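Spelled out, the chains give:
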Amino acid sequence: MTATAWPRVGVVIPTRNRPDLLRRAIASVAAQDYPGVVETVVVFDGTTPDPSLVASYDSARPVRVVSNTRVAGLSGARNTGILALDTEYVAFCDDDDHWLPSKVRRQVIRAEAADRPEMVTCSITVDYDGTRTDRFAGTDTVSHADLTRSIYAMLHSSCFFFDRRALVEGIGLVNEELPQSQLEDWDIKLRAAQRRPIAHLDEPLTVVQWGRTSMFARRWDSKNAALRAILQLHPAIAADARGAARVYGQLAFGTAAAGDRAESWQWIRRTVRTDPRQWRAAVALAVLPHPPNAERVLNTLHRFGRGV
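Since the model is a prediction, treat every value here as computed from it, not as a measurement.

Go over the packing of aromatic side chains, please, and point to the residues and values.
Within this structure, the stated rule accounts for 7 aromatic pairs. Note on tryptophan 6 and tyrosine 34: the rings are 5.3 Å apart at their centroids and 80 degrees apart in plane angle, and the pair reads as edge-to-face. Of the two residues, tryptophan 6 sits in the segment before β1 (9-15) while tyrosine 34 sits in the loop between α1 (19-30) and β2 (38-44), which places them 28 residues apart along the sequence. The two residues tryptophan 6 and tyrosine 34 agree in class, both being buried. Judged by centre distance (5.6 Å) and plane angle (70 degrees), the ring pair of tryptophan 220 and phenylalanine 253 falls under edge-to-face. Placement of the pair is tryptophan 220 in helix α7 (residues 220-233) and phenylalanine 253 in helix α9 (residues 241-257), with a sequence separation of 33 residues. By relative accessible area, tryptophan 220 is classed as buried at 13%. Through a chain of ring-to-ring contacts, three or more aromatic side chains come together here, namely Phe92, Phe160 and Phe162. Lying over the aromatic face of tryptophan 99, lysine 103 brings its terminal NZ or CZ to 3.9 Å of the ring centre. A cation sits over an aromatic face here: arginine 270 above tyrosine 248, 4.4 Å from the ring centre.

Here you go:
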């Protein structure tokens, strides 16, 4: 197949004040072994675009820089990038993450298969301050029912690969109303899987940076608000005891970390009533007397590529 026969792929990289990490992300897109064109749109959210990024790459890997013209934040920036593209496929990459060279080629091949999935993901390597952990899904297909029970963190936003037309006209753009764009990745996975199962490549083709570079680490108020919003948007989660207890446990932990003892107790009791096996209730209890312990818990989990 000639280069022009391969479908064009667009990549959306939202960014804010991380120039060195951003250049690494763009370089990983440019280094893809994909024979076709991969166009990158870098969306500057609340900061001035850097035009020097455009000159670094050739016609097979063009780079554009634009400003976020929608709601400020990650979701609006992603949507700005999606709408700026006219490629057959669109992929997301966060500015602090990067791809292995075969990612795009492998995802295009899967997307072009006979069943024509609307969304293709891959597994990840979590890099937490230099400690690397591979995260696998253990499956090649992720259903809506799967996602009501788990966020499937290894299906990270930097792994997302969509049929662009299906995304814009069917699945819908990224939710711009979630607090500080939190859990927008889970929301869009649920919406995509409700239409058609997500095709998954269970190989770590994306390196995800965790640790101090995260824009959203430890923002408990917005995390808790986003969890409440997800329960409202996707009632199937609350209808599944296992999935509901997971979210209730996260809210128990998050409200404990925020120092809201009364609300945390309510969520702990609700978690235990729904599923006594849900471990997050016990962790929330441990954090409740001393909210700063939440940092220690998260740091320990992140070293193993896990989260609450």
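Describe unusual backbone geometry, with residues and values.
A positive phi angle is found at asparagine 17, which is not glycine, with a value near 60 degrees. When you line up the elements, asparagine 17 lands in the loop between β1 and α1. Positive phi is not limited to glycine here, since arginine 116 has a value of about 45 degrees. Taking relative accessible area as the criterion, arginine 116 reaches 36% and is therefore assigned partly exposed.

Requested: an account of the nonpolar core, with residues and values cited.
Within the largest apolar cluster, 85 residues are counted, with the highest numbers of intra-cluster contacts made by Val9, Ile13, Leu147, Phe161, Phe162, Trp186 and Phe253. Per-element accounting of this core gives the leading share, 8 residues, to α9. Beyond its immediate sequence surroundings of up to four residues, valine 9 is in contact with Tyr34, Val37, Val38, Glu39, Thr87, Tyr89, Val104, Val108 and Phe161.

Parameters at a glance
- Residues numbered from 1 in each chain as written.
- Predicted model: local features only at pLDDT ≥ 70, side-chain atom pairs only at ≥ 80, totals over all residues.
- Heavy atoms only, no water.
- Phe/Tyr/Trp six-rings, centres within 6.5 Å; stacked < 30°, edge-to-face > 60°.
- Helix = DSSP H or I, 4+ residues; strand = E, 2+ residues; numbered from the N terminus.
- Buried < 20%, exposed > 50% of the residue type's maximum accessible area, 1.4 Å probe, protein only.
- Lys NZ or Arg CZ within 6 Å of the ring centre and 35° of its normal.
- Core = buried A, V, L, I, M, F, W, Y, C linked by side-chain atoms within 4.5 Å.
- Contact = heavy atoms within 4.5 Å.

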